[in-house]
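Listed below, chain by chain, are the residues.
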Amino acid sequence: MADLLVVLTLALVVAAATAAVLTQDPARQALVLALLGLALAVLFTVLQSPDVALSQLAVGSALTPLMLLLAVRKVRGRRGGRKREPT
């Protein structure tokens, strides 16, 4: 039973990582990265490593995607404020 749970969580991690790689939009990519961090936290919990799971939950699921979303927002704000030159 435990082996089946590990295989299922590994499949979830692989699916989330594949989705993160295939996503084109940076904002959506950050959200998928948060899901990947959550899937990894579940995997670490299943593998009986709760301290690593808590760290992954805090950093991989919350802080890193938040920083990426803020960076994307700032870059898009700068790009939107510029006037385009006619070609």
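Placed above this text is the structure.
Per-chain numbering applies: the sequence of each chain, read as written, is numbered from 1 onward. In keeping with the model being predicted, local features are shown solely for residues with a pLDDT of at least 70 and side-chain atom pairs are shown and tallied solely at 80 or more, while totals for entire chains, interfaces and linings include all residues. Water and hydrogen atoms play no part in the side-chain values, which are based on all heavy atoms of the structure.

Peer 1: Tell me what's going on with the side chain of Ser61, and back it up with residues and numbers.
Peer 2: Each helix corresponds to a stretch of at least 4 residues labelled H or I by DSSP, and each strand to a stretch of at least 2 residues labelled E; elements are numbered beginning at the N terminus. The topology assignment puts Ser61 in helix α3 (residues 50-81). To sort residues, take the accessible area from a 1.4 Å probe on protein chains only and compare it with the maximum for the residue type: under 20% means buried, over 50% means exposed, and anything in between is partly exposed. Judged by relative accessible area, Ser61 falls into the buried class, the value being 17%. Leave out the neighbours within four places in its chain, and Ser61 touches Ala34, Gly37, Leu38 and Gln56. The contact criterion used is simple: two residues touch if any of their non-hydrogen atoms lie within 4.5 Å.

Peer 1: An account of helix α1 (residues 2-22) is requested, with residue identities and associated values reported.
Peer 2: Each residue after the first adds 1.5 Å to the expected span of a helix. The terminal C-alpha atoms of α1 lie 30 Å apart, and with 21 residues this matches the ideal 30 Å at 1.5 Å per residue to within 8%. Restricting attention to buried positions, one finds in α1 the residues Thr9, Val13, Ala16 and Ala20. An end-on view of α1 places all buried positions within 65° of arc, on one side of the element. Facing away from the buried side of α1 by more than 90 degrees, the exposed set consists of Asp3, Val7, Leu8, Val14, Val21 and Leu22. Throughout, the arc means the angular range of directions from the helix axis out to the C-beta atoms.

Peer 1: Talk me through a nonpolar patch on the surface; I want residue IDs and the actual numbers.
Peer 2: A grouping of Leu35, Leu38, Val42, Leu54 and Leu57 is seen on the molecular surface, where their side chains present a nonpolar patch of about 450 Å² in accessible area. Those elements that provide at least two residues to the nonpolar patch are α2 (26-46) and α3. The leading source of residues in the nonpolar patch is α2, at three residues. Mapped onto the fold, Leu54 is located in helix α3. To count toward a patch, a residue needs a relative accessible area over 30% and no salt bridge; like charges are then connected within 9 Å, while nonpolar side chains (Val, Leu, Ile, Met, Phe, Trp, Tyr) are connected within 5 Å. The protein chains shown are the only cover counted for residues, whose accessible areas, like all others here, come from Shrake-Rupley with a 1.4 Å probe. Between Lys or Arg on one side and Asp or Glu on the other, a salt bridge is scored when a side-chain nitrogen of the former is within 4 Å of a carboxyl oxygen of the latter.

Peer 1: Could you give an account of the nonpolar core, naming the residues involved and the relevant values?
Peer 2: Core analysis: the largest hydrophobic core is formed by five residues, namely Val13, Ala16, Leu36, Ala39 and Leu43. Of all the secondary structure elements, the ones that give two or more residues to this core are α1 and α2. Tallying contributions element by element places α2 first for this core, with three residues. Ignoring anything within four residues of it in the chain, the contact list for Leu43 reads Val6, Thr9, Leu10 and Val13. What is meant by a nonpolar core is a set of buried Ala, Val, Leu, Ile, Met, Phe, Trp, Tyr and Cys residues, joined one to another through side-chain atoms within 4.5 Å.

Peer 1: Please set out the environment of Leu43 residue by residue, giving values where relevant.
Peer 2: Topologically, Leu43 is positioned in helix α2. Owing to a relative accessible area of 8%, Leu43 belongs among the buried residues under this scheme.

Peer 1: Help me get a handle on the pattern of salt bridges, residues and values and all.
Peer 2: Oppositely charged side chains can pair when the atoms bearing their charge come close. Inspection of the entire model under this criterion finds one salt bridge. A salt bridge links Asp25 to Arg76, with the nearest nitrogen and oxygen atoms 2.4 Å apart. Of the two residues, Asp25 is situated in the loop between α1 and α2 and Arg76 in helix α3; the sequence distance between them amounts to 51 residues. Residue class for Asp25 comes out partly exposed when judged on its relative accessible area of 26%.

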